[in-house]
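# Survey of secondary and tertiary structure
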Amino acid sequence: MQPVVIGSERSEVGLPRAMEILAAGGSALDAVEAGLILCEDNLADHYVGTGGLPNAMGIVELDASIMVGSTRQFGAVGAVRSYPNPISIARRVLERLPQHCLLVGEGAERFADENGFQKAELLTEEARALFVSGLRPSTDSVEGDATPAQKGDARYRETALRLVHRLNPPDGPWGTIDILALDRAGELVVGVSTSGYPWKYPGRVGDSALPGAGNYADIRYGGAACTGRGELSMRAVGARTVVSALARGLDPDEACRHMLEDAATLPDDFRAELRCLALTPDGRHGAAAGKPGGYYVVMTESSTGPELHPRAML
Ligand code: GLY
């Protein structure tokens, strides 16, 4: 099997390391974890790991998950504070706590501590400044010529602002990262990591930590992962819907578009971009988005660097 790794926007920070591991005969599990750690540690990225944008109280809470295609084993953490690499804690849940799939909040932090993970400050000065600047009333129009996604985003900002005022936080475009890898042995693994929606209600867990919603892998048909508005992906069971479409014989682009079409029928005042990408067990890949300009990243053994591919349009 020729190894391949794909990822969502900004995964190019982690994909070269993931491909190095795969090219050396390493596992897809190691490749996905190593790639996402680099994304989580990228301080310029404000939607994942250290430097992620905080919740309505000004506290960074992270979600992550990892799923193995051959066994459909799943490990995940949600609303984890103070630990910079939730993808590694999620993997540890998968490997060391097989009686469970998902730990959240205090329990996830206790488990991280028991397993020797080190705490760190996750809120960087730059992320704090972005959080504070977002507290100013939005000038985006929610009516007129704005697209449905722009109107949804603006409504979300207005609602979050009311929430932030209610929760009295300390003074003081989002985007999850997905990586999907296929290794030489034919194993398929999907990993997802995020700081979730900024200004979210404390304790809110998004699709990234949920099997079937933000992440799904089934070696018979393929793997898929989502980014964007997690509540839509949860309601549409986004990643599982993509994999079911692969199982029916749709190609990866079509399977992704099919899921977005279904999600587009859901009523949602906070509708914003939902995106997805997919990888099949024979190495075919694709992705879709609701507006132009989206891309996904691909690397094979012959790549000289991350290759950017346009997403299919809904
Ligand atoms: N898709 C990431 C989130 O909604 O948190």
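Scroll up to find the structure.
Our subject in this report is the structure included herewith. (Residues numbered from 1 in each chain as written. Predicted model: local features only at pLDDT ≥ 70, side-chain atom pairs only at ≥ 80, totals over all residues. Heavy atoms only, no water.)

Okay, the packing of helix α2 (residues 28–40) against helix α3 (residues 86–96) next. Orientation of α2 relative to α3, taken along the N-to-C sense of each, is 150°, at an axis distance of 8 Å. The orientation of α2 relative to α3 falls into the category roughly antiparallel. Across the interface between the two elements, L29, D30, E33, L36, I37 and E40 of α2 pack against P86, I87, S88, R91 and E95 of α3. Residues that form the contact of α2 with α3 fall into these classes: 5 nonpolar, 1 polar and 5 charged. (Axes fitted to C-alpha atoms, helices over the stretch in contact; angles between N-to-C directions. Helix = DSSP H or I, 4+ residues; strand = E, 2+ residues; numbered from the N terminus. Parallel < 35°, antiparallel > 145°, perpendicular 65-115°, else oblique. Contact = heavy atoms within 4.5 Å. Nonpolar A, V, L, I, M, F, W, Y, C, P; charged D, E, K, R; others polar.)

Right, let's get into helix α1 (residues 15–23). Every buried residue of α1 is accounted for by L15, A18, M19, I21 and L22. One side of α1 holds all its buried residues, which, seen down the axis, span an arc of 155°. The inward-facing, buried residues of α1 contact β1 (4–7), α2, β5 (177–182) and β11 (295–300). Just beyond α1, the residue with positive phi is G25, at close to 90°. (Buried < 20%, exposed > 50% of the residue type's maximum accessible area, 1.4 Å probe, protein only. Arc of directions from axis to C-beta.)

The next thing to look at is the packing of helix α8 (residues 238–247) against helix α9 (residues 252–264). As a packed pair, α8 and α9 sit with axes 8 Å apart at the nearest point and diverge in direction by 135°. Our classification of the angle between α8 and α9 gives oblique. Classified by chirality, the crossing of α9 by α8 is right-handed. Across the interface between the two elements, G238, T241, V242, A245 and L246 of α8 pack against P252, A255, C256, H258 and M259 of α9. (Left-handed = near helix turned anticlockwise from the far one by under 90°.)

Every residue lining the ligand is accounted for by T176, G196, Y197, R204, D207, S208, G228 and G230. With respect to the ligand, the side chain of R204 contributes an N or O atom lying 2.6 Å from an oxygen atom. In the environment of the ligand, a nitrogen atom lies 2.7 Å from a nitrogen or oxygen atom belonging to the backbone of G228. Protein contacts shield 99% of the accessible area of the ligand, which totals 200 Å² for the unbound molecule. Each residue belonging to the shell around the ligand can be placed in one class, and the counts come to 1 nonpolar, 5 polar and 2 charged. (Near = heavy atom within 4 Å. Polar contact = N/O pair within 3.5 Å; in protein donor to acceptor, adjacent residues only side chain to side chain. Areas by Shrake-Rupley, 256 points an atom, 1.4 Å probe, with all protein chains shown as cover.)

On to the sheet that holds strand β9 (residues 274–279), then. Two strands in a sheet stick together by hydrogen bonds in their backbones, pointing the same way (parallel) or opposite ways (antiparallel). Reading across from one edge, β7-β8-β9-β10-β13 is the order of the 5 strands in this open sheet, with mixed pairing throughout. One side of each edge strand has no neighbouring strand; the edge strands of this open sheet are β7 (215–218) and β13 (312–313). Taken together, the 4 bridges between β9 and strand β10 (residues 285–289) define a ladder with antiparallel strand orientation. Bridge assignment links L279 to a residue of β10, and that residue is H285. Packed onto the sheet, α8 meets β7, β8 (222–228) and β9 and runs at close to 145° relative to β8. (Pairing = 2+ DSSP bridges.)

Enumeration over the complete set of coordinates arrives at 17 salt bridges. In this structure, R81 engages E61 in a salt bridge whose closest nitrogen and oxygen atoms are separated by 2.8 Å. Remark: E61 occurs in the loop between α2 and β2 (62–68) and R81 occurs in the loop between β3 (74–80) and α3; sequence separation between them is 20 residues. Taking the shortest distance from any N to any O, the salt bridge between E231 and R204 comes out at 2.8 Å. Of this pair, E231 sits in helix α7 (residues 230–236) while R204 sits in the loop between β6 (188–194) and β7, and the two are 27 residues apart along the sequence. Taking relative accessible area as the criterion, R204 reaches 15% and is therefore assigned buried. Each of E9, E273, R275 and R311 takes part in a single network of salt bridges with overlapping partners. (Salt bridge = Lys/Arg side-chain N within 4 Å of Asp/Glu carboxyl O.)

For the rest of this paragraph, the subject is the packing of aromatic side chains. Both the distance between ring centres and the angle between the ring planes are used here to describe each pair of aromatic rings. All chains considered together, the criterion is met by 2 aromatic pairs. Ring geometry for Y156 versus Y197: centroids 4.8 Å apart, planes at 80°, classification edge-to-face. The exposure class assigned to Y197 is buried, which follows from its relative accessible area of 4%. Summarising the aromatic geometry, the rings of Y156 and F270 are spaced 6.4 Å apart at their centres and angled 90° between planes, so their arrangement reads as edge-to-face. Its relative accessible area of 12% is what places Y156 among the buried residues. Put simply, the rings of Y156, Y197 and F270 pair up and form one aromatic cluster. (Phe/Tyr/Trp six-rings, centres within 6.5 Å; stacked < 30°, edge-to-face > 60°.)

Shape descriptors only; they carry no functional weight alone.
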